[in-house]
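# Observations on chain architecture
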Amino acid sequence: MNVNREAEHLINQKLYIAPIKNKGLGVFASKPIRKGELIFSFSGVEFRVDDDYKCDVEGYWFQIGDKQWLDDKNYGKFVNHSCNPNSAIFNSIELKSIKDIKPGEEINVDYDATEWDNSRYNAFICKCGDKNCRGIIQGYKYLPEIWKRFYKKMGIVPNYLLEMEKQQSIMI
């Protein structure tokens, strides 16, 4: 980990924000975090967008329902993506660990397990560096079936994504 200790910003007793080479800023554990532990809760303004993913709202926003998003005013914008995440979002706003996390380890989520379809406006080339990196992040709709089954088994797929997947399979 390449961290500039002078640039660290303590969030609370167990988290800090620090720069990451080629990624910007990230959230890191300053103390051990056990699997299943609440890391923090997202907070902010909920809003609805009728044209999927085309939004003029400034800030860091993520999907919490069909055509519903949350503009997070907490630390969400610093939680980076990984194709091998150590945390996930539960109950639309709770970031919880899905693995034990060691001090100094970056907190991350799989963005494909939070958004239905980012392909038109927000898809991006992944830079997570994991050996199982999928290369492009564009939403749950495009997630390979093996990952969907794995995430469902773990219980980290939000109900709105399961419902949207069910609706899509009916339309096909």
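Our structure's up above, just so we're on the same page.
Scope of this entry: the structure provided in the associated data block. Not measured: the values here are computed from a predicted model.

Rules used in this analysis
Residues numbered from 1 in each chain as written. Predicted model: local features only at pLDDT ≥ 70, side-chain atom pairs only at ≥ 80, totals over all residues. Heavy atoms only, no water. Buried < 20%, exposed > 50% of the residue type's maximum accessible area, 1.4 Å probe, protein only. Helix = DSSP H or I, 4+ residues; strand = E, 2+ residues; numbered from the N terminus. Pairing = 2+ DSSP bridges. Phe/Tyr/Trp six-rings, centres within 6.5 Å; stacked < 30°, edge-to-face > 60°. Lys NZ or Arg CZ within 6 Å of the ring centre and 35° of its normal. Contact = heavy atoms within 4.5 Å. Polar contact = N/O pair within 3.5 Å; in protein donor to acceptor, adjacent residues only side chain to side chain.

Moving on, we come to the pairing of strand β11 (residues 106-109). Burial along β11 is two-sided: the residues Glu106 and Asn108 and Ile107 and Val109 are all buried. Alignment of strand β3 (residues 24-29) against β11, held across 2 bridges, turns out to be antiparallel. Within the sheet, the bridge partner assigned to Phe28 lies in β11 and is Glu106. With 2 bridges joining them, strand β8 (residues 80-81) and β11 adopt parallel strand pairing. The residue of β11 that forms the bridge with Asn80 is Asn108.

Along strand β10 (residues 94-97), the buried face is formed by Leu95 and Ser97; none of Glu94 and Lys96, which line the opposite face, is buried. The sheet contact formed by strand β4 (residues 38-41) and β10 spans 3 bridges and is antiparallel. Across the sheet, the residue bridging to Leu38 is Lys96, located in β10. Where strand β9 (residues 87-90) meets β10, 4 bridges bridge the pair, whose relative direction is antiparallel. Note on β10: the bridge partner recorded for Ile89 is Leu95. Here β9 folds back onto β10, and the loop between the two strands holds 3 residues, one of which, Asn91, carries a positive phi near 50 degrees.

Taken as a whole and judged by the stated rule, the model has 8 aromatic pairs. Ring plane angle 85 degrees and centroid distance 6.0 Å describe the contact between Trp147 and Phe150, whose orientation is recorded as edge-to-face. You can see Trp147 and its partner Phe150 sitting in helix α1 (residues 145-154), 3 residues apart, about one turn around the helix. Residue Trp147 is classed as buried on the basis of its relative accessible area, which comes to 18%. Measuring from ring centre to ring centre gives 5.8 Å for Phe150 and Tyr151, while their planes differ by 40 degrees; the resulting arrangement is tilted. Here the basic side chain of Arg134 rests over the ring of Trp147, its NZ or CZ set 5.3 Å away from the ring centre.

Further remarks concern the environment of Glu94. Here Glu94 lies in strand β10. The residues touching Glu94, leaving out its near neighbours within four places in the chain, are Leu38, Phe40, Ser41, Phe42, Ala88 and Ile89. Polar side-chain contacts of Glu94 include one of 2.9 Å to the side chain of Asn91.

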